[in-house]
Amino acid sequence: MAFSLQKFFHSLDLRALPRVLQIQSGIYCQGSVYEMFGNECSLSTGEVIKVIGFKINKLIASICENNEGSQFSAKVELPLNFPGLYKVVADKTPYVSIEEIARTVPIGPTRFGHPCFYSAKDIKLANFTIKHGEQITLNSVGEVNGTTAVNCVVVRNNQPHSFTLPLWQEGEFYECEDDQIYTLKEIAEWKIPKCRNRIVKLFNTLHMEGSSSPLPENFDGCLILMPVYELQAVMKFQKDIVHILSDLDVEVKDITDCYDIGSFLQPLSLEDIFERTCKEFPMVAEIMEGPSGSQKPYNLLSTGKEIVIYKKYQAARVLTSEMRTDSSKRHFLIPMSYKGKFKRRPREFPTAYDLGIARSEKEQLHVVATKAFVSPHKEVFSVSVGDQFLVQQCQTSEVLYEGRKKLIDVLACEQILSGSYKKVFLPMYMEGGFVEVIHDKKQYYLSEICEEFRLPFNVKVSVRDLSIEEDVLAAAPGLQFEEEITDSYLLISSASSPVESWEIPVYRLNMWVHLLGKDVQTIVPPVTRTTVEEVSKEEYYMLRRYENPALHPPPRPPKNPT
C-alpha cells in the first residue's frame, strides 16, 4: 500500500531501520532531479531507495517571553549550532505504553540514552512492584526469553534495582523533570521524541560570532521547538548518502520484506564501526560522506577516499582552555603523546576555601593577597593587599560570636614577614583574592603534570611539539589544564599511502563509510601523528558535563557566620 513520505516517517520505528522504499508517485524539484548537500540523484516513479536513518535538519521555535504557561507568539528558525544552553521542560502528554516510548525516544548505551519516566499507577511485576511516581531509568532495549523488553533501573535507599518492562506493558507514563542543561544540538539529537515538540527554557546565552540573534534582546523565556526532519538514504548503484526532507510530496511503498537489502551499499557511521568486535579489525573502508573541517586529519577524509581502520580503543585526553578573559577563548583536547614541554603559570584563587582545595603534600602553596579582608573576629587574621602566605592545613578554631564561643572552619597559614614567619588563621568563608607565587622553573611533559599535580593547572608552552606542523598551543599566552577525560577513538590511515596514522574521535566526527572486501596489506599501523583537537564551545560544555561523570564540583565555601 502506498502512502506519503511524511506518513511513512511518522509511523517509522527507530528499531526497524534500514527500510527499503519504492517511489510510487510524486515530483520533487521540477522533474524529480535534485541536488542537496552536493548529492545529485533522481526520485522518479519506480526508484528504489534504502532509508538508513533520520535526523533533525533545523528547528522552528515559537517564542514565549515569560514562561511555558503563557501564549507563544513569534516563530523563528534556529540552526542546530545556535549558541546557548537550555533546560528541558518535561512533556505533560503521557505515553500509553513502553512500546511507544521505545519507538519514539532514543534509548541506548550513550551518555544521553537513558531517559527517565514515572508511572501514574503502581506496576506489579513477578517479584517487584514499581510505585507510582517512582523514577524509572530506561537503559537499553533487548531480548528477554524471546520477548523484546526494556532494561530498567529504580533507585531506593541509594541502591539500584534492575528489572525489565516488556514493550506490551501499558500504562500512563510521564517524563521526569530534568535538571541538566543542554546545547540546542544535544536537545535536537537526544531530547526531542519523534513526532513531538519540545519546550525548553533558556538557561544561559553564549556569544554568537559575527551575526545577530533571532531571539529578542535579553530574552530569558521559553521556546517551543518544532523539528524539521530529513531522511538519510542510499540510492541504488550510487555511493553517496542523500538527505531528503521528510515532508516532501512523494508517495512511497515499503518493500523491505520482499527485497534483497544486501544489494545496497551498507553505510556505517563511526559509532557503528566502534561497535564491531576487536577481531574484525583492521578493515578497509571507503568514505561515503566526509566530515567538515580544515584541520588535519579531517581535511584528508574526503568523499571517495579509501582508508584503513586499524583498531578501536579508549584514549586519555586533557581538556584545556586558553587563559583569556574575552569571548574568543579557545578549547582543546591534548593527547598524552604531545611532545612539547610546559612551564607553570600562577594560579588565581578567589577564596581561602579554594586555597584549601589546591594545597598539596608535594609542595607548599605560596600565595600573595590581591584583595584586602577585614576579619570580624580578633581570633582570625585580617588581610592586606600584598600579604604573603604559606598554606598549611584546614582545621577549626574557636571565635567569640555574640558573646558565645563558636567553632568555625579556618585555613592555617604562615604569614611571611621580613626574616620571620607568623602563624595565622584565615576563615574559610573569606572572599578575598590570591595569586600563586611560582618557585618551580622546571619544564614538564603533559604526562608528568597529570601524574604529579592536581588539575586544574596553569601552564604555558615552553618548547613546542616539533612533530606538529602548526602547534596551536604554542601561540597561546597561557593554558589551563582543566580535567583529564577518556574518549573513544579509531586509528586510521590512508589505504593508498599509509605513511602515517591518525586518531579520529568517534562521537564528535560526523562521517559515513562502507566496508570494502579488500585485504589489509599490513596489520601494523604506521607511526601515529599527534593531533591537538580544537573543540567548539558547545562541545566543550558537553565534555565538561558528561565525559567525566565521576568529577563533581567542590561544595560552596561556608558562609560568614555573621
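Residues numbered from 1 in each chain as written. Predicted model: local features only at pLDDT ≥ 70, side-chain atom pairs only at ≥ 80, totals over all residues. Heavy atoms only, no water.

1. Some words on the pattern of salt bridges
The tally for this structure, following the rule as stated, stands at 22 salt bridges. Ionic pairing is found between Arg103 and Glu99, a salt bridge with its closest N-O pair at 3.1 Å. Taken together, the residues span about one helical turn, with Arg103 and Glu99 both in helix α2 (residues 98-104) at a distance of four residues. Note on Arg103: relative accessible area 21%, which makes it partly exposed. Residue classification places Glu99 among the partly exposed positions, given a relative accessible area of 27%. (Salt bridge = Lys/Arg side-chain N within 4 Å of Asp/Glu carboxyl O. Helix = DSSP H or I, 4+ residues; strand = E, 2+ residues; numbered from the N terminus. Buried < 20%, exposed > 50% of the residue type's maximum accessible area, 1.4 Å probe, protein only.)

2. Here's the deal with the nonpolar core
With 43 residues, the main nonpolar core has Leu223 and Leu225 as its most contacted residues. By residue number, the principal contributor to this core is strand β5 (residues 48-64), which donates seven residues. For this core, the two domains that each supply at least three residues are domain 1 (3-57 + 229-263) and domain 2 (60-221). Excluding its chain neighbours within four sequence positions, the residues that come into contact with Leu225 are Leu59, Ile60, Ala61, Leu184, Ile187, Ile192, Asn197, Arg198 and Val200. Within the second largest apolar cluster, 25 residues are counted, among which are Val410, Cys413, Leu426 and Met430. (Core = buried A, V, L, I, M, F, W, Y, C linked by side-chain atoms within 4.5 Å. Domains from an automatic or database assignment. Contact = heavy atoms within 4.5 Å.)

3. Comments concerning the side chain of Thr104
With respect to the secondary-structure elements, Thr104 resides in helix α2. The buried category is assigned to Thr104, whose relative accessible area is 8%.

4. A short note on the confidence of the model for the protein
In the predicted model, the protein carries a mean pLDDT of 84, and 90% of its residues have values of at least 70. Low pLDDT, under 50, characterises residues 546-555; the stretch is placed with 20 contacts to residues that sit more than four places away or in other chains. (pLDDT = per-residue confidence, 0-100.)

5. A look at the pairing of strand β30 (residues 431-436)
Summarising the sheet, strand β25 (residues 348-351) and β30 pair through three bridges and their orientation is antiparallel. Residue Phe349 lies in a different strand from β30, and its bridge partner there is Phe434. Relative to β30, strand β26 (residues 366-369) runs antiparallel, the two sharing three bridges. When the bridges of β30 are listed, Val368 appears paired with Val435. (Pairing = 2+ DSSP bridges.)

6. Examining the packing of aromatic side chains
Counting across every chain of the model gives 15 aromatic pairs. Measuring from ring centre to ring centre gives 5.6 Å for Tyr118 and Tyr174, while their planes differ by 20 degrees; the resulting arrangement is stacked. Pair noted here: Tyr118 is in strand β9 (residues 116-119) and Tyr174 is in strand β15 (residues 170-175), with a separation of 56 residues, a long-range link. Judged by relative accessible area, Tyr118 falls into the partly exposed class, the value being 29%. (Phe/Tyr/Trp six-rings, centres within 6.5 Å; stacked < 30°, edge-to-face > 60°.)

7. Section: the side chain of His331
Among the secondary structure elements, His331 is positioned in strand β23 (residues 331-335). Only 2.7 Å separates the side chain of His331 from the side chain of Ser321, close enough to count as a polar contact. Discounting chain neighbours no more than four positions away, the residues touching His331 are Thr320, Ser321, Glu533, Glu534, Val535, Lys537 and Tyr540. (Polar contact = N/O pair within 3.5 Å; in protein donor to acceptor, adjacent residues only side chain to side chain.)

8. Digging into unusual backbone geometry
Between Leu17 and Pro18 the backbone carries a cis peptide bond, its omega angle lying at 0 degrees. By secondary structure assignment, the location of Pro18 is in the loop between α1 (5-11) and β2 (19-26). In this chain, Phe281 is followed by Pro282 through a cis amide linkage whose omega measures -5 degrees. Mapping Pro282 onto the fold places it in the loop between α4 (270-274) and β21 (283-289). Look at Asn158: it is not a glycine, yet its phi comes out positive at around 65 degrees. Although it is not a glycine, Cys195 sits at a positive phi angle of roughly 65 degrees. By secondary structure assignment, the location of Cys195 is in the loop between α3 (184-191) and β16 (198-204). For Cys195, a relative accessible area of 40% gives the class partly exposed.

9. Some thoughts on the sheet that holds strand β13 (residues 147-156)
Overall, antiparallel pairing links the six strands, which are arranged β8-β15-β9-β12-β13-β14 in an open sheet. Looking at which strands have only one partner, the edges of the open sheet turn out to be β8 (95-97) and β14 (159-166). Across this sheet, the average inter-strand angle for adjacent strands is 45 degrees, counted without regard to direction. Strand direction decides the pairing type here: β8 and β15, joined by two bridges, are antiparallel. Bridged to Ser97 within β15 is Glu170. (Axes fitted to C-alpha atoms, helices over the stretch in contact; angles between N-to-C directions.)

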